[in-house]
Amino acid sequence: MSYTRTFGEASGRNGKKRINTLVMKINAREPEIVKIRIAARTIRKGGTVAFPTETVYGLGADALNEEAVKRIYVAKKRPPDNPMIIHVANKEEVYKLARNVPKAAEKLMDRFWPGPLTLILRRSKVVPDITVAGLDTVAIRMPDNEVALALISESKTSIAAPSANLAGKPSPTTAAHVIEDLAGRIDIILDAGATRIGVESTVIDMTLDPPQILRPGGVPYEELKRVLGKVTLHPTVLTTKIKHLIRVRSPGMKHKHYAPNATVIVVEGNFGAVMKRVQGLADLHMKKGKKVGIMATDESKSEYHADAIKSLGSRKNLTTAAKRLYGLLREFDAEGVDIIISEGLATKGLGLAIANRLRRASGSNVVKA
Ligand code: TXA
Ligand code: MG
């Protein structure tokens with residue numbers, strides 16, 4: 001067995017006990033069952049396990065065990081009013097966790113599961129309050145990842161799992177990101193390499209008619225519209241004024257999110273104008289003595305000058321951009337950049353999720369070029 005790394009039990013400052021975090025490399029396609037069993041035993045005992053999904057790494061615990069779910073909130077420093085997504089390995093589990101499952105939800109499960117789609121449904125009594133932060137609804141998804149599915153099955157329970165980052169930070173797309181944020185705070189990290197999609201699942205509220213997308217993600221709005229006929233977008237999806245919205249349906253939407261330490265500015269509009277404005281802002285901030293990073297694309301990267309320039313890939317390839325987004329935000333931080341100026345991309349397909357995350361990371365600091 002290859003335990004690649006463990007972290008010491010050194011007592012942290014202010015007397016808080018550090019947990020000994022076991023990091024296990026695991027085969028993404030054919031996960032070694034011994035390793036899955038070790039992780040599953042930890043879940044059953046009420047511990048915390050970070051594991052890969054097709055979107056981002058999740059921090060899992062037994063969804064039906066209050067003490068276990070509490071450990072997730074503590075490890076992530078997550079505000080207690082932000083509920084968890086429950087991960088299942090088969091559809092039968094949904095009918096234990098939820099009631100009054102509408103036909104349209106079953107249609108979505110058949111079409112998109114396993115996959116990056118989270119359904120908000122009426123909650124059943126077996127789900128503890130803490131898992132859903134006291135709401136009368138529950139978020140459920142079946143991830144499209146062999147390690148995740150094996151872990152859930154072997155744990156013989158459902159697994160509550162938010163993204164495995166410290167609250168507010170960009171979600172982790174590699175085990176190294178999880179280590180950066182949570183080493184010493186959780187029991188196990190299963191390392192199966194980089195995640196396939198790179199942005200989180202789409203969250204859709206199926207208790208509304210027509211259903212409403214609360215968070216754009218791996219399953220595009222256009223595809224959901226094709227299957228459901230009618231589906232709306234929650235106003236926070238693309239707003240630049242989140243604080244002013246009175247009704248917040250997805251509690252996570254009101255917290256600062258997906259944000260690196262650096263200040264983020266997003267420049268949207270026509271590509272030529274965007275490039276000019278990005279360079280103009282970069283010059284302005286460099287003149288003020290700031291260390292400036294530009295999040296460019298392959299089409300523009302050689303045109304810019306700044307302290308750090310990184311590319312999301314071609315403007316035409318939103319799949320690559322989604323995959324790179326969070327990792328690049330973390331890289332800029334690692335290089336000590338003060339300000340990240342990012343080009344906005346098209347908002348079709350996966351682009352809607354990318355635009356949403358960039359706007360959130362910027363705290364709605366969006367410039368129209
Ligand atoms: O792709 C993903 O969804 C990843 C992987 C690990 O599965 N998970 C993830 O979890 O992104 P998290 O906790 O970072 O985001 C879950 C989002 C939050 O915005 C939360 O507020 C919302 O889903 N949510 C959870 N339960 C909800 C509910 N009952 N009603 C409305 N929104 C809910
Ligand atoms: Mg998250």
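The rules behind these values
- Residues numbered from 1 in each chain as written.
- Chains lettered and ligands numbered in written order.
- Predicted model: local features only at pLDDT ≥ 70, side-chain atom pairs only at ≥ 80, totals over all residues.
- Heavy atoms only, no water.
- Helix = DSSP H or I, 4+ residues; strand = E, 2+ residues; numbered from the N terminus.
- Rg over C-alpha atoms; globule rule 2.2 N^0.38 Å.
- Contact = heavy atoms within 4.5 Å.
- Areas by Shrake-Rupley, 256 points an atom, 1.4 Å probe, with all protein chains shown as cover.
- Lys, Arg positive; Asp, Glu negative; His and termini not counted.
- Charge placed at Lys NZ, Arg CZ, Asp CG, Glu CD.
- Buried < 20%, exposed > 50% of the residue type's maximum accessible area, 1.4 Å probe, protein only.
- Near = heavy atom within 4 Å.
- Polar contact = N/O pair within 3.5 Å; in protein donor to acceptor, adjacent residues only side chain to side chain.
- Nonpolar A, V, L, I, M, F, W, Y, C, P; charged D, E, K, R; others polar.
- Domains from an automatic or database assignment.
- Buried area = accessible area lost by both parts, 1.4 Å probe.
- Expected span 1.5 Å × (residues − 1).
- Arc of directions from axis to C-beta.

A. The overall build of the protein, seen in detail. In terms of helices and strands, the protein carries ten helices and 18 strands. Taken over C-alpha atoms, the radius of gyration comes to 20 Å for the protein, in line with the 21 Å a tight globule of 369 residues would show. The dimensions of the protein, computed from C-alpha atoms along their principal axes, are 55 × 55 × 40 Å. Considering only intrachain contacts with a sequence separation of at least 6, the fraction spanning at least 24 residues in the protein is 66%. For the protein, the accessible area works out to roughly 15,900 Å², and carbon and sulfur atoms hold 50% of it. Across the protein, the 59 positively charged side chains and the 37 negatively charged ones have centroids separated by 4 Å.

B. Seen up close, the side chain of Gln279. Mapped onto the secondary structure, Gln279 falls in helix α8 (residues 271-287). What makes Gln279 buried here is its relative accessible area of 11%. If sequence neighbours within four positions are ignored, Gln279 has contacts with Met286, Ile294, Glu303, Tyr304 and His305.

C. Geometry of the site of ligand 1. Taken together, 27 residues are adjacent to ligand 1, and Thr55, Arg78, Asn82, His87 and Ser201 come closest. At 3.0 Å from an oxygen atom of ligand 1 is found a side-chain nitrogen or oxygen belonging to Ser163. Summarising the interface, the protein chains cover 98% of the accessible area of ligand 1, which totals 670 Å² for the free molecule. Elements with a minimum of two residues in the shell around ligand 1: β5 (85-87), β8 (137-141) and β12 (212-215). Ranked by residue count, the leading element in the shell around ligand 1 is β8, at four residues. Taken together, the residues that form the shell around ligand 1 break down as 13 nonpolar, nine polar and five charged.

D. Molecular detail of the domain arrangement of the protein. Assigned domains of the protein: these are domain 1 (4-233) and domain 2 (263-368). The C-alpha centroid of domain 2 is placed 28 Å from the C-alpha centroid of domain 1. Between domain 1 and domain 2, the residue contacts involve 25 residues of the former and 15 residues of the latter. When domain 1 packs against domain 2, close to 1,500 Å² is buried across both sides, 59% of that on carbon and sulfur atoms.

E. Structural detail: α8. Between the first and last C-alpha of α8 there are 24 Å, a value that for 17 residues agrees with the 24 Å anticipated at 1.5 Å per step. Residues of α8 that are buried include every one of Val274, Met275, Val278, Gln279, Leu281, Ala282 and His285, and no others. Around the axis of α8, the buried residues are gathered within 160 degrees of arc, so they sit on the same side. Of the exposed residues in α8, those oriented more than 90 degrees away from the buried face are Lys276 and Lys287. Buried residues along α8 sit against β14 (263-268), β15 (292-296), β17 (339-343) and β18 (366-368). Backbone nitrogen of Gly272 and a side-chain oxygen of the N-cap are separated by 3.1 Å at the start of α8; the cap is Asn270. Looking one or two places after α8, you find Gly289, whose phi comes out positive at around 90 degrees.

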